[in-house]
Structure formats: C-alpha cells, structure tokens
Amino acid sequence: MKKRLISLLVALCMAVTLLPVSALTAWAEDPPKSGKCGATGDNVTWQLTENTYDSSTYTLTISGSGAMEDYLMSSNQPWCSFRKQITSVVISPGVTSIGNLAFTRSCNIIHVDIADSVVSIGEQAFSDCSRLTDITVPQSVTYIDANAFDSCTNLSSITLSTNNITSIRPYTFSGCSELSSIVIPDGVTSIQLGAFSNCTKLTSITIPDSVTTIDPWAFKNCSSLTSITIPSSVTSIGSNVFTGCTSLNDIRYSGTSESVISALSGYVPTLVTFNYGDKVPEAERMITVSVKTGETLTAPTTLPTVSGYKFKGWLTKDDEPYDFTGAPTGRFTLYANWEKIPDPKP
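The rules behind these values
- Residues numbered from 1 in each chain as written.
- Predicted model: local features only at pLDDT ≥ 70, side-chain atom pairs only at ≥ 80, totals over all residues.
- Heavy atoms only, no water.
- Buried < 20%, exposed > 50% of the residue type's maximum accessible area, 1.4 Å probe, protein only.
- Helix = DSSP H or I, 4+ residues; strand = E, 2+ residues; numbered from the N terminus.
- Contact = heavy atoms within 4.5 Å.
- pLDDT = per-residue confidence, 0-100.
- Arc of directions from axis to C-beta.
- Phe/Tyr/Trp six-rings, centres within 6.5 Å; stacked < 30°, edge-to-face > 60°.
- Lys NZ or Arg CZ within 6 Å of the ring centre and 35° of its normal.
- Pairing = 2+ DSSP bridges.
- Axes fitted to C-alpha atoms, helices over the stretch in contact; angles between N-to-C directions.

### Some points on unusual backbone geometry
Despite not being glycine, S151 shows a phi value in the positive range, around 65 degrees. Relative accessible area serves as the criterion here: at 25%, S151 is assigned to the partly exposed category. If you check the backbone angles, D319 has positive phi at about 65 degrees while not being a glycine. Inspection of the secondary structure puts D319 in the loop between strand 22 (309-315) and strand 23 (331-340).

### Digging into the side chain of S190
Looking at where S190 falls in the secondary structure, it is placed in strand 14 (residues 190-191). Residue classification places S190 among the buried residues on the basis of a relative accessible area of 12%. Contact partners of S190, with chain neighbours within four places excluded, come to T166, S167, I168 and T213.

### Some remarks on the confidence of the model for the protein chain
In this model, the protein chain carries an average pLDDT of 90, and 92% of its residues clear a pLDDT of 70 or more. The low-confidence segment residues 21-27, where pLDDT is below 50, has three contacts with residues more than four positions distant or belonging to other chains.

### Concerning helix 3 (residues 258-265)
Listed as buried for helix 3 are V260, I261 and L264. Along the axis of helix 3, the buried residues cluster in a sector spanning 100 degrees; they form a single face. Structurally, helix 3 contributes buried residues whose contacts are with strand 17 (227-230), strand 18 (236-237), strand 19 (250-253), strand 20 (270-275), strand 21 (286-291) and strand 23.

### Focus on the packing of aromatic side chains
The tally for this structure, following the rule as stated, stands at 18 aromatic pairs. An angle of 35 degrees between the planes, with centres 5.7 Å apart, marks the rings of Y322 and F332 as tilted. Here F332 lies in strand 23 and Y322 lies in the loop between strand 22 and strand 23, a separation of 10 residues in the sequence. We classify F332 as partly exposed; its relative accessible area is 23%. An aromatic cluster is defined as three or more aromatic residues linked by ring pairs; in this entry it consists of W46, Y71, W79, F103, F126, F149, F173, F196, F219, F242 and Y267. In this structure, K220 packs its charged tip against the face of W217, placed 5.5 Å from the ring centre. It is K279 that lies over the ring of Y309; its NZ or CZ is 4.9 Å from the centre.

### A short note on the environment of T298
Along the chain, the position of T298 falls in the loop between strand 21 and strand 22. Here T298 falls in the partly exposed class, since its relative accessible area comes to 42%. Expressed as a C-alpha distance, the spacing of T298 and F324, which sit 26 residues apart in the sequence, is 7.1 Å. Sequence-distant contacts of T298, defined by excluding residues within four places in its chain, comprise R252, F274 and F324.

### Describing the sheet that holds strand 7 (residues 111-114)
Taking strand neighbours across the sheet as the criterion, the five strands line up as 1-2-3-5-7 in an open arrangement whose pairing is mixed. Each having just a single partner strand, strand 1 (34-38) and strand 7 make up the two edges of the open sheet. Averaged over all neighbouring strand pairs, the angle between strand axes comes to 25 degrees, with direction disregarded. Sheet topology note: the strand 5 (residues 86-91)/strand 7 ladder contains four bridges and is parallel. What sits directly across from V89, in strand 7, is V112.

Right, here's the structure in full:
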C-alpha cells in the first residue's frame, strides 16, 4: 500500500512537469485589478477598467481623499503587473498628491487627466512615460518634484495652468525631446539644475520677470534654441546653462547684473547694450543683447514711450547711425536717438 502511494505521488509529479506553462499559470491567482494606494492606507484606491476600444488595455483611475503613497521603486506600484497595458490615467477629484514614482516606466500611457484637487506631483511621477504626448497641470498644483516628467520623449505640449509653483525643480522636463515651446508661469523664482536639459526641439521659452535664479545646465543641449530673453529680475546664472545649445545666437537680457552679463558672454561673445537714455525709467533703460560671432544684430522690437519725443533710431558713441547690416564684434553700446516733437502752432 505504501509503495503504491509513493508510485502515485511520483506519477503525479511527472504529470505536472509535463503540463504546458499556460496550464500551470492558470492555477496561479491573477494579479488584482484594484486596491489601496493611499499614503495612510485606504484613503485612496486604484481601479483598472478595460478600455472599450481595446479590451487588452486599461484606464487606471485613482480615487479617494488625500495623498497617494510614495514608492521607493517602480516595482512597488500595486498596478506594476499591468504597467505596459495602461494607456490612460485619471486622477479623480479628492486626491491631493501624485506619489513618487507613481507611474514611472508606464511606457504606453497616452493620456493623463489630473483633477484640480491635486496640489503636488511627486519625484519621477511620470518619468519615462515615453508615449505621453501632452499634459495639463491644473491651477491647484503648488509643487512639482524633481524628474517628474524626465525622459517623456514624446511629450510635445505642456500646459502649466498654475501660478502657484515657485520653482522648476531639477531635471523636471529633462529629455522631453519633442517639446518645442514652454511658458513658465508667473511666480516661479528659480529654474533649477538641468530643468530643461536635452530638450533638443525646444525653440521657444518664456521666462517671467519673477525668476531670479537660473541654475547650472538648465538648458543644456537644447540644440534647437536660437534665441532667449532673460528678464531683468535674474541676478544669478549658473555654469553651463547653455552648453550644447549649438543654434543659440541671440540672448537678450534687460538687467544690469555684471555677473549675469559676464556669464552670457561665454556663449555668445558679442555684447551690445541698447541704452534708451535718461528719458526712460531706470528699470527699463537698458537691454543687453549677446550675439554669436558672425551673426547680425537685431534691434529691440518693443520701444518705450517717451512723451513729447519721437524715436529716430540707434546711434553709436560718435553719434553716427548704426548700420545693422554688418556683423558686430566686441562689446559696445548703442544709444537711442530721441527727437523732440515740435509744439503745435497756435
């Protein structure tokens, strides 16, 4: 009897080893498609819903009240087993934060909807979401952590609807190689380390006059950037800010910080100061334009209004009209020529 039992067990083991892998995995429990993902437990939950247009893909909905959990590794995401099948993410009203690494490496996410209850987006929250094409950050957001959208290589449109963030954190948009333009919202005071580095298609960036600091490598390797205007509020620029910006030939700075002007000269060595003269308020009196060697100089297109005077062009230090057709060299100042408008005849 004992020998027969042993024989049956051996036969059963042999039969199991001959079963196809699909049969064995059928016995295993399927990974869950819903659960908890809150910072304090069940305050926030997640749910996968099959997409009607393709039942093999999912929309991931985050619901509840309060903050999401922060993850130390992407493999800790409770939906990790389905990561490659998630095409949309919905952050529902009531959720206040998107956790660190929450959706990183979700390489097939195309659409993200963030409710206006969210106040913070965690570190690397959407990094390496390589199919994500656009994102709108709502007005409610006050903080976007480092690398939040790093290496989103198809991200071509970013709308920062919020005026409540004070900094663009390190490498937030680094490697967004399809991004062509960005408007930094009012209220931001610093553009930090590598924030827009390797955005190789970036051609236009608007910097508000709330910014005071631009850190090292902020625009490193933005090889399509041809011109940039830096407001007078900027008093500090770090090293290598424009390293690798091989198309950059025009930098305009309306401030007077010698350290900023000196830093800019390392990228475009010809420095021309446009001086509007003492008829203009001191804060608006001068614009410094840095021009790459061999490039032509373009005068400012916006002119201040001086009551009783008409602008007649730009003069050299010798009171001669400046010829803008040639390539400037060195460092010099051009002076606004204001002609008094005759008083009307009685």
